Structures are given as structure tokens and as C-alpha cells.
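Spelled out from the first residue to the last, the chains are:
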Amino acid sequence: MTNSIGELQDADVFLVTGSNTTETHPQIARNILQGVDQGAQLIVIDPRKTDLAKQAHIHLALRPGTDIALINAMMRIIIDENLADELFISMRTENYEALRDFLFRLDLDEIAAITGIELKTIRDAACIYARSSKSVICYCLGVTQHCCGTDNVQTVANLAMLTGNVEKEHGGVDPLRGQNNVQGACDMAALPAVLPGYQAITNLDTCTRFREVWKREIPQNPGLSLTEMTHAGADGNIRAMFIMGENPVLSDPHLKQVEKTLTNLDFLAVSDIFLTETASLAHVVFPAASFAEKNGTITNSERRVQLCQQAINPIGNCRPDGEIIMELGRRLGCPGMDFQSQAEVMEEISLLTPIYGGMHYDRLQENWGLQWPCWNRDHPGTKFLHKYYFSRGKGQFTVTRHQEPAERTEKHYPFTLLTGRGSYHHYHTATMTRNSTRLVREYPEALLEISKEDCTKLHLADGDLVELNSRRGKVRVKTQITDRVQPGTVFTSFHFWEVPINQLTVDAMDPRSKCPEFKVCAVDLKKVCHD
């Protein structure tokens with residue numbers, strides 16, 4: 001997040017896109033709704049009528065996969081209405097003329113047809129967002145999990161820069177991280193092309209510093225993304241994997257290919273707190289300690305590094321992740337795997353990672369955490385980013401064009417399947433929540449959201465068992481008639497191993513981020529007739 005969670009409630013306009021915030025990020029949603037209660041305007045971009053969309057002043061129920069077209073239209077309207085922040089653009093950005101010239105060539109009526117939203121509604125939303133000096137954008141995987149996910153994000157950044165809604169409190173662009181330490185994992189280089197703190201592996205000075213501390217040469221070529229590894233197939237170059245806290249057998253797209261890859265490895269080790277579907281395929285399973293059984297730090301969506309204090313002793317043979325990694329490292333002959341405490345680990349992080357330079361255990365103990373960048377011991381942390389400059393100097397406008405999803409509906413597959421990872425009772429692959437009897441009682445099985453109009457056409461009733469088919473596989477799931485989805489679209493989550501919905505999703509991905517296109521695929525469905 002460019003800004004802080006606490007700033008949200010004092011914003012004047014919220015533009016929430018690709019996020020079912022009330023279910024997947026309830027604390028963020030609480031701040032947003034508190035702002036709405038205080039008079040803020042709420043705009044939601046989502047194909048579904050989520051609970052947040054029902055409370056929005058404007059719900060832009062776009063056709064799935066048309067995010068770029070919609071936001072480009074909003075920017076064109078903002079320019080036409082003289083609502084662009086010309087001073088910010090001239091002082092803090094570059095390449096604006098190229099974007100402006102491209103937007104002037106757009107046919108707004110054509111874009112309205114592409115998105116399925118009336119032009120007047122698009123115009124109203126654009127003007128509400130642009131007329132406020134405290135407008136904030138929140139987005140999540142509904143923006144990124146497309147073949148054009150990188151362009152989607154760049155389009156969102158264009159919109160914020162066009163109106164000057166960065167560099168200040170109560171504005172900005174806030175990507176909502178999916179789990180409690182995803183931000184921290186990325187900060188510590190759980191990515192294929194960077195070192196901790198997003199330092200490029202191609203920077204020789206950076207590599208020299210790491211080599212001197214780690215006593216090992218630093219690879220000069222980027223590694224593989226998760227999807228590239230798990231979709232390599234039986235003949236992939238990777239012959240062994242160590243998977244920690246991830247369940248790709250349920251969470252990755254095109255699951256048959258994932259299973260083929262993992263079952264043909266020479267060796268698979270998994271570390272997790274439960275015996276997941278992925279762990280069941282492993283040659284070795286390391287029982288990991290949960291958050292309550294270990295000390296350490298967690299970095300949340302607002303870049304805040306906070307201490308996590310152990311509450312109970314590890315149960316049985318469970319061990320903290322760090323201990324597992326260090327013991328493996330020692331047995332493999334890797335130097336530097338002899339940290340005596342989490343504080344020692346943090347000292348090395350602050351030594352090698354400039355944005356964490358002032359993060360020390362004693363400082364974290366004295367504060368409610370610190371937000372990076374925190375450059376040195378005297379630095380207070382950073383509440384919001386880009387106050388005086390962007391990391392590259394000036395912000396760059398990028399021309400982005402509408403791209404259709406990798407797979408479109410047709411005669412044999414007339415429905416668009418949308419997938420998501422959140423509900424009030426379960427999350428992601430539900431590894432933890434399905435071990436709670438109370439949560440299972442409240443939400444015991446997978447449900448397929450379908451419109452009343454489509455049920456009428458297909459002679460379906462609520463709770464009917466249907467077979468859902470795509471070009472890659474089929475699953476059986478019960479229907480839930482609702483007004484949350486539009487005719488021609490259906491929605492379900494991938495919580496339940498009994499309904500492995502990602503057997504249906506496409507194996508296409510964004511060519512730059514390598515993020516899979518989970519959000520759109522073409523399916524057919526038919527009622528299962530019992531004998």
C-alpha cells in the first residue's frame with residue numbers, strides 16, 4: 001500500500017476494484033465503511049454484486065476482463081472535464097502526452113459497449129473520483145489475476161497520477177495483500193528476480209554486498225515463478241521442490257498439470273501446519289509451527305513490520321519455519337545458518353536491505369511496528385510513499401490497451417466462470433478454516449452462484465447438483481441462486497478439495513508477472529440427474 005490503513009477512514013472517495021473487501025479483508029472494509037458513514041463516496045468496480053458493491057454509491061458491474069477499457073474511459077472523461085491535475089502531471093510525471101493522445105482516440109460509446117456499463121454511469125464515477133483531493137484506490141486479485149494483470153495495475157496507476165492522488169495522506173493506490181505476511185515474504189525476496197528489499201540481482205554492487213555476507217555467489221539470472229515451476233510437467237527441468245505454506249494442488253490453475261509435475265519429481269518436501277493436499281504427495285513432510293507457536297515479525301499490507309510474540313510452545317514435533325530452513329541449510333553445507341535468535345536475523349536484514357535499515361528488534365518492541373522505508377535507527381518510518389519522488393524519479397504514464405481474456409465464451413461453453421478465494425467463513429484453500437468445526441458448520445460445502453434468469457432457462461432449482469465443464473476438466477457442485485452474479489456468469493471459490501475448481505481454470509498467464517488468469521474462463525453446466 002502506498003498509504004496507511006488508518007488513513008482510509010478520512011478519505012473522501014474510495015474506488016475499490018477487483019476486491020471483495022468485506023469478506024477477504026474485513027479490517028480494511030471496516031475502515032472504508034467508517035469513511036462512508038462519515039460522508040465519503042464509494043465506487044466499486046466488480047462483475048459481482050458483492051456486499052461492498054451493495055453499499056456503493058456507484059457499482060460499475062463491468063463485463064469480466066474489461067478493466068483497462070473502463071479505466072481508460074474514466075481517464076478520457078477526466079481530461080475532457082478539465083479535472084486532471086496539470087501541476088502534478090508537469091512536475092512529477094513523464095510520458096503524459098502519449099497517454100493523452102491515445103485517450104483522445106478512444107470511442108467512449110464503443111467502450112461502454114465493451115464494458116457493458118452505461119456511459120453516463122462511467123462519467124459519474126470518473127467525475128466523483130477526480131473532483132476529490134482525497135481519493136484512494138484499493139485493488140486486489142480481481143485486477144492482477146488476468147493475462148493483462150500488469151497492464152491493469154499500470155492503468156490504475158495512470159488514473160491515480162492523472163488526478164494527483166498520490167504523494168499525500170488519504171489518497172494513493174493500495175493493493176490489498178492476500179495473507180498476513182505476503183508483503184513480508186515479497187520484501188524478503190520470495191520472488192524470482194530480486195534480492196531482499198526488491199534489489200535487482202543484476203546490480204553488481206548489490207550482489208557484492210550480499211556475497212560478502214552470505215559467502216556465496218549470487219545468481220545473475222532470474223529464477224522461475226511459481227506457475228512456471230508447478231506447470232513444467234513430467235519432463236520439467238526442476239527435479240526437486242521444497243514447498244512451504246503453499247497448497248498448489250488446490251490453489252494453482254490447471255490442477256491436472258500441477259499434479260503431473262509434482263508426482264513426477266524425484267523428490268518433494270513440504271512444510272505446513274496441516275497435512276494439505278500438496279503435503280499428501282510429498283516424500284518428506286516437515287510439521288511447521290503456527291503463528292502462535294513462534295516469535296518473529298510480520299509485515300502487513302501497509303508495510304508495517306510488527307513483532308509476533310510466541311503464545312504457546314510448539315505442539316508435538318512442530319518447529320518454526322526459520323529453524324527448519326536453518327537445519328536444512330546446515331545439513332546442505334550452507335554457511336550463515338547459525339542464527340541464535342530472531343533478533344539476529346533482523347540484524348542481517350537491516351544490514352543488507354536498505355528499506356529495512358532502521359528495523360531493529362529493540363525498536364520494534366518499543367513501537368506498534370515501523371513502516372518501511374525506514375532507512376536508519378533514527379528514521380521514524382514512512383506513513384505514505386512518494387511524497388517527493390517516485391522510486392524511478394518521475395512517475396511514468398503507460399499507454400495500455402484493452403485486451404480480451406485468453407478464453408471467451410462460445411456455443412459449447414456459454415458461461416463465464418469467475419473464481420475467488422474468500423468467504424466469511426473460509427479463505428484460500430481453507431487449509432486452516434476447514435479444521436474449525438464451527439466454520440465448517442456455517443459453510444460446509446462448495447456452492448456455485450448463478451443468476452435466477454439462468455436457472456430458469458436451464459430448469460434448475462436452488463441446491464441442484466450440476467456438472468461444470470471447461471476445456472480442461474469437470475467438477476460437480478451445488479447451485480446457489482443469487483443476484484450477486486449477472487446472467488451468463490457463475491462464481492465459486494476454490495476452498496474445497498471435493499470440488500477442485502482449478503481443474504477448470506485456464507493455464508494462460510500474464511507474460512510479465514507470470515500471474516495466472518484465474519478470474520475468467522469459459523464453462524458449460526448441466527443438471528446431474530440421479531438414477
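Values in this document were obtained by computation on a predicted structure and should not be read as measured data.

### Quick look at the layout of surface pockets
So, point 1. Size it by volume and the second largest pocket reaches roughly 240 Å³.
So, point 2. Along the lines of polarity and charge, the residues of the lining of the second largest pocket split into eight nonpolar, five polar and four charged.
So, point 3. Counting only domains with at least three residues in the lining of the second largest pocket, you end up with domain 1 (5-176) and domain 3 (415-527).

### Focus on the packing of helix 12 (residues 204-214) against helix 17 (residues 342-352)
So, point 1. In contact at an axis separation of 11 Å, helix 12 and helix 17 are set at 155° when each is read in the N-to-C sense. If you check the angle between helix 12 and helix 17, you find them roughly antiparallel. Handedness of the crossing formed by helix 12 with helix 17: right-handed. Residue-level contacts link Arg 209, Phe 210, Val 213 and Trp 214 of helix 12 to Glu 348, Leu 351 and Leu 352 of helix 17.
So, point 2. Class assignment of the residues belonging to the contact of helix 12 with helix 17 gives a composition of five nonpolar, no polar and two charged.

### Here's the deal with the domain arrangement of the protein chain
So, point 1. Once the domains are mapped, the protein chain shows domain 1 (5-176), domain 2 (182-371) and domain 3 (415-527).
So, point 2. The gap between the C-alpha centroids of domain 2 and domain 3 is 30 Å.
So, point 3. Here domain 2 packs against domain 3, burying approximately 1,500 Å² in sum over the two surfaces, 69% of which is carbon and sulfur.
So, point 4. Here domain 2 is connected to domain 3 by one salt bridge.
So, point 5. A salt bridge links Lys 514 to Glu 228, with the nearest nitrogen and oxygen atoms 3.9 Å apart.
So, point 6. Across the contact surface, domain 2 and domain 3 share five residue pairs in polar contact (both at pLDDT 80 or more).

### Here we look at helix 10 (residues 149-162)
Because the α-helix completes a turn every 3.6 residues, residues three or four places apart line up on one side.
So, point 1. Its 14 residues give helix 10 an end-to-end C-alpha distance of 20 Å, which sits within 8% of 20 Å, the value for a rise of 1.5 Å per residue.
So, point 2. Within helix 10, 11 of the 14 residues are buried, which leaves the element mostly enclosed by the surrounding structure.
So, point 3. Along helix 10, the residues that are buried comprise Gly 149, Thr 150, Asp 151, Asn 152, Thr 155, Val 156, Asn 158, Leu 159, Ala 160, Met 161 and Leu 162.
So, point 4. Directly after helix 10, the chain includes Gly 164, whose backbone phi takes a positive value near 70°.

### Digging into the sheet that holds strand 6 (residues 173-175)
The pairing of strands in a sheet comes from backbone hydrogen bonds and takes either a parallel or an antiparallel form.
So, point 1. Spatially, five strands are ordered 3-2-1-5-6 in an open sheet, and the strand pairing comes out parallel. Pairing within the sheet leaves two strands with one partner each, and these edge strands are strand 3 (58-60) and strand 6. If you compare each strand with its neighbour and ignore which way they point, the axes differ by 15° on average.
So, point 2. Bridging between strand 1 (residues 13-17) and strand 2 (residues 41-45) involves five bridges; their strand directions are parallel. Bridge pairing in strand 2 places Val 13 opposite Gln 41.

Quick notes on the rules
Starting from 1, residues in each chain are numbered consecutively following that chain's sequence as written. The model is predicted, so local features are restricted to residues of pLDDT at least 70 and side-chain atom pairs to those at 80 or more, both for listing and for counting; the totals for chains, interfaces and linings are taken over all residues. As a rule here, side-chain values cover all heavy atoms of the structure and leave hydrogens and water aside. Whether a set of points on the 1 Å grid over the protein atoms alone is a cavity depends on a 1.4 Å probe fitting there but being unable to get out, while an open set qualifies as a pocket with protein on both sides within 12 Å along at least five of seven lines; lining residues are those with an atom within 4 Å of a point. Grid points are joined across faces, edges and corners, and a volume is the space filled by probe spheres set on the points. Lys, Arg, Asp and Glu make up the charged group, whereas Ala, Val, Leu, Ile, Met, Phe, Trp, Tyr, Cys and Pro make up the nonpolar group; the residues left over, Gly among them, are polar. Note that domain bounds follow an automatic or database assignment of domains. Axis lines are fitted through C-alpha atoms, for helices just across the contact stretch, and the angle between N-to-C directions can take any value from 0 to 180 degrees. Runs of E in the DSSP output that reach at least two residues are strands. Runs of H or I that reach at least four are helices, and both are numbered from the N terminus. Angular relationships are summarised with four words: roughly parallel below 35 degrees, roughly antiparallel beyond 145, roughly perpendicular across 65 to 115, and oblique for the angles in between. In this scheme the handedness of a crossing depends on how the near helix is turned from the far one: anticlockwise by less than a right angle means left-handed, clockwise means right-handed. Working rule for contacts: check all heavy atoms of both residues, and any pair within 4.5 Å makes them a contact. What counts as buried area is the accessible surface, traced by a 1.4 Å probe, that two parts surrender upon association, with contributions from both included. Here a salt bridge means any side-chain nitrogen of Lys or Arg lying within 4 Å of a carboxyl oxygen belonging to Asp or Glu. Any pair of N or O atoms that falls within 3.5 Å is considered a polar contact. Within protein, one atom must be able to donate a hydrogen and the other to accept it, and sequence-neighbouring residues count only if both atoms are side-chain atoms. The length a helix should cover is 1.5 Å for every residue beyond the first. Think of it in three bands: with a 1.4 Å probe and only protein chains considered, a residue is buried below 20% of the maximum accessible area for its type, exposed above 50%, and partly exposed in between. We call two strands paired when DSSP finds no fewer than two bridges between them.

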